[in-house]
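Coordinates in review
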Amino acid sequence: MIPLSVLDLSPITEGSTASQSLANTLDLARHAERLGYNRYWLAEHHNMAGIASAATSVVIAHVAGGTKTIRVGAGGIMLPNHAPLVIAEQFGTLAALHPGRIDLGLGRAPGTDMNTARALRRNLEAGVDNFPQDVVELINYFAPAEPGQRVRAVPGEGQNVPVWILGSSTYGAQLAAMLGLPYAFASHFAPAELEHAIDIYRSRFQPSQFLDKPYVMLGLNVFAAETDAEAKFLFTSLQQAFVNLRTGHPGPLPAPVENYDADLDPMAKAMLAQALSCAIVGSPQTVRAGLDAFIRRTGADELMVTAQMFDHAARIRSFEILAEAHKELSQAA
C-alpha cells in the first residue's frame, strides 16, 4: 500500500485561539507519528482568521522539535511571497536542526487575497511569472557551493532538502515534470483538473538527479467516525467554512450542525459537490472502501490527508480510523 501523510492547516475553531490551535497541531503530529503516517505538512495562508500556520517555517520547527521520526514540511511555501534565498536559509536551518526529516513544497499562489499579497511583497510585479526561475534559484542554493560563489545559503548549501512542486492546475504539473521533481496536487479543494494534471506530469516527466520516475501525491479529505451519520455531521464544519470563504465571509472553523445542506441554495450545493468531491466521509467500512477506490482510480504514489474538524478529539480519532483502514488494505494486498 502507498504511504499516507497529513496536511494540517492548524485550524482555529470558533471560540478558540491560535495558541490552542498550535498546541493541537503538535498533539496531532505526535499521534500521526505513532500511527505510522509518513509526513506531516503545514501550509502557508495569510489573513485567514481560521488558520494559524501563516508563519509556516516557525510552525514546522515547532512540530519537528516535538516529534522524533515523522517527516515534517511545507505543503506549501508560497514562493512568490518570498525571496528564494530567505526560504533556502529557513529550510536549510530546519534541515540542520532535524537532518533527513524536512520537506519543502513550493506553490505559486499567494495563499491569500491580493491586498494581503501586496502587504507581504510590497511589489507584485513578476512575482508569479518568475516562479520557475525562483524555484531553480532556490534549488541551487541547496547544492554544494561552487568555488567563488558570491551568494550562499548558510545554513542551506549542501543540505538534502527534497523540493516538491504543488499545484491545483496543469501549470505545476508541467513544471514538476520539466524539472524532474515530485508533484503534489491539491485535489482536496480543487479537483477539477486532477486527472489531466496527473496525465501531463507522468507523460512529460524528465528524470533528474532528484527523481528517476514520476511521483504523485494527492490531497484527500477524510472524515472518519464510528458511523456514517457522525462523520457526515463532523464534515459540516468544512462545508460551512467553504461556503463562508467562497461568499466572502471567511472566519474561524465553525462548529458542526445537523442537516447543514438541507437549506443550502442549489449554487452552494453544486459548489461544495465540485470543490469537495475528493472526500471520504463515513464509518470505518466506508473509509476503507473509499480509500481503496480512490487509490485505484488515481494511481497515486502517496496520499496527503486533511481533516478540518472542529473537535480535536474527533480529529485524532478520524486519523486513527484511517490508519486502521490503511493497515487492513495493506494486509489484504
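Above this text sits the structure in question.
Model, not experiment: these values are computed from the prediction.

1. Details of helix α3 (residues 84–97)
An ideal rise of 1.5 Å per residue puts 20 Å on 14 residues; α3 measures up with 20 Å between its terminal C-alpha atoms. Every buried residue of α3 is accounted for by Pro-84, Ile-87, Ala-88, Phe-91, Gly-92, Leu-94 and Ala-95. Taken around the axis of α3, the buried residues stretch over an arc of 160°, which confines them to a single face. Its buried side turned inward, α3 meets α2 (56–65), β3 (71–78), β4 (102–107) and α5 (131–142).

2. Side note on helix α8 (residues 228–246)
For α8, which comprises 19 residues, the first-to-last C-alpha distance of 27 Å matches the rise-based estimate of 27 Å (1.5 Å per residue) to within 8%. At Thr-236, α8 shows its maximal kink, close to 25°. Here α8 has its buried residues at Ala-231, Leu-234, Phe-235, Thr-236, Ser-237, Leu-238, Gln-239, Gln-240, Phe-242 and Val-243. On its buried face, α8 sits against β7 (216–224), α9 (266–275), β8 (279–282) and α11 (312–332). One or two steps after α8, the chain reaches Gly-248, where phi turns positive at roughly 80°.

3. Describing the pairing of strand β1 (residues 4–8)
Regular strands show a simple pattern: their side chains alternate between the two faces of the sheet. Within β1, five of the five residues are buried, which leaves the element mostly enclosed by the surrounding structure. Judged by which residues are buried, β1 turns out to be covered on both faces: Leu-4, Val-6 and Asp-8 on one side and Ser-5 and Leu-7 on the other are all buried. Of the pairings in the sheet, the one linking β1 to strand β9 (residues 302–306) comprises three bridges and is parallel in character. Bridging from a neighbouring strand, Leu-4 pairs with Leu-303 of β9. Alignment of β1 against strand β2 (residues 39–42), held across three bridges, turns out to be parallel. Residue pairing across strands places Val-6 opposite Tyr-40, the latter belonging to β2. Regarding the hand of the β-α-β motif, the stretch spanning β1, helix α1 (residues 18–35) and β2 is right-handed.

4. Digging into the packing of α1 against α2
Running from amino to carboxyl end, α1 crosses α2 at an angle of 45°, the nearest separation of the two axes being 9 Å. In terms of orientation, α1 lies oblique with respect to α2. Where α1 crosses over α2, the two elements pack in a sense that is right-handed. Touching Leu-22, Thr-25, Leu-26 and Ala-29 of α1 are Val-59, His-62 and Val-63, all from α2. Class assignment of the residues belonging to the contact of α1 with α2 gives a composition of five nonpolar, two polar and no charged.

5. Considering the pattern of salt bridges
Using the criterion set out here, one finds 11 salt bridges in the structure. Put simply, Arg-315 and Asp-8 hold a salt bridge, and the shortest N to O gap is 2.8 Å. In this pair, Arg-315 is assigned in helix α11 and Asp-8 in strand β1, connecting sequence segments 307 residues apart. You'll find Arg-315 and Asp-8 in the same group, each marked buried. Among the ionic pairs, Arg-288 bridges to Glu-328, the shortest N-O distance being 2.5 Å. Of this pair, Arg-288 sits in helix α10 (residues 284–298) while Glu-328 is found in helix α11, placing the two residues 40 residues apart along the sequence. Overall, Glu-328 belongs to the partly exposed group, its relative accessible area being 28%. Among the ionic contacts, a cluster of salt bridges with common partners joins Arg-34, Glu-226, Arg-317 and Glu-320.

6. Describing the pairing of β7
Within β7, nine of the nine residues are buried, leaving the element largely enclosed by the surrounding structure. Residue alternation in β7 divides its side chains into two sets, Val-216, Leu-218, Leu-220, Val-222 and Ala-224 and Met-217, Gly-219, Asn-221 and Phe-223, and both sets are buried. With three bridges joining them, strand β6 (residues 183–185) and β7 adopt parallel strand pairing. The residue of β7 that forms the bridge with Tyr-183 is Val-216.

7. Observations regarding the packing of aromatic side chains
Throughout the structure, instances matching the rule amount to seven aromatic pairs. Ring geometry for Tyr-201 versus Phe-205: centroids 5.6 Å apart, planes at 75°, classification edge-to-face. Of the residues examined, Tyr-201 reaches a relative accessible area of 0% and is grouped as buried. Relative accessible area serves as the criterion here: at 12%, Phe-205 is assigned to the buried category. Pairing Phe-223 with Phe-235 gives two aromatic rings, centres 5.0 Å apart and planes at 75°, and the pair type is edge-to-face. Remark: Phe-235 occurs in helix α8 and Phe-223 occurs in strand β7; sequence separation between them is 12 residues. For the pair shown, Phe-223 and Phe-235 are each scored as buried. Here the aromatic residues Tyr-183, Phe-185, Tyr-201 and Phe-205 are joined through ring pairs into a cluster of three or more.

8. Things to note about the nonpolar core
Core analysis: the biggest nonpolar cluster contains 91 residues, and Phe-91, Leu-104, Val-135 and Leu-303 have the highest contact counts within it. It is α11 that provides the largest number of residues to this core, a total of eight residues. With residues near it in sequence (within four places) discarded, Val-135 still touches Leu-79, Leu-106, Ile-165, Leu-175, Leu-179 and Leu-181. The next biggest cluster of nonpolar side chains, apart from the first, holds 10 residues, and it includes Leu-9, Ala-43, Trp-164 and Met-217.

What counts as what
- Residues numbered from 1 in each chain as written.
- Predicted model: local features only at pLDDT ≥ 70, side-chain atom pairs only at ≥ 80, totals over all residues.
- Heavy atoms only, no water.
- Helix = DSSP H or I, 4+ residues; strand = E, 2+ residues; numbered from the N terminus.
- Expected span 1.5 Å × (residues − 1).
- Buried < 20%, exposed > 50% of the residue type's maximum accessible area, 1.4 Å probe, protein only.
- Arc of directions from axis to C-beta.
- Contact = heavy atoms within 4.5 Å.
- Bend = angle between axes of the 7 residues up to and from the residue.
- Pairing = 2+ DSSP bridges.
- Right-handed = clockwise from strand over helix to strand, strands pointing away.
- Axes fitted to C-alpha atoms, helices over the stretch in contact; angles between N-to-C directions.
- Parallel < 35°, antiparallel > 145°, perpendicular 65-115°, else oblique.
- Left-handed = near helix turned anticlockwise from the far one by under 90°.
- Nonpolar A, V, L, I, M, F, W, Y, C, P; charged D, E, K, R; others polar.
- Salt bridge = Lys/Arg side-chain N within 4 Å of Asp/Glu carboxyl O.
- Phe/Tyr/Trp six-rings, centres within 6.5 Å; stacked < 30°, edge-to-face > 60°.
- Core = buried A, V, L, I, M, F, W, Y, C linked by side-chain atoms within 4.5 Å.

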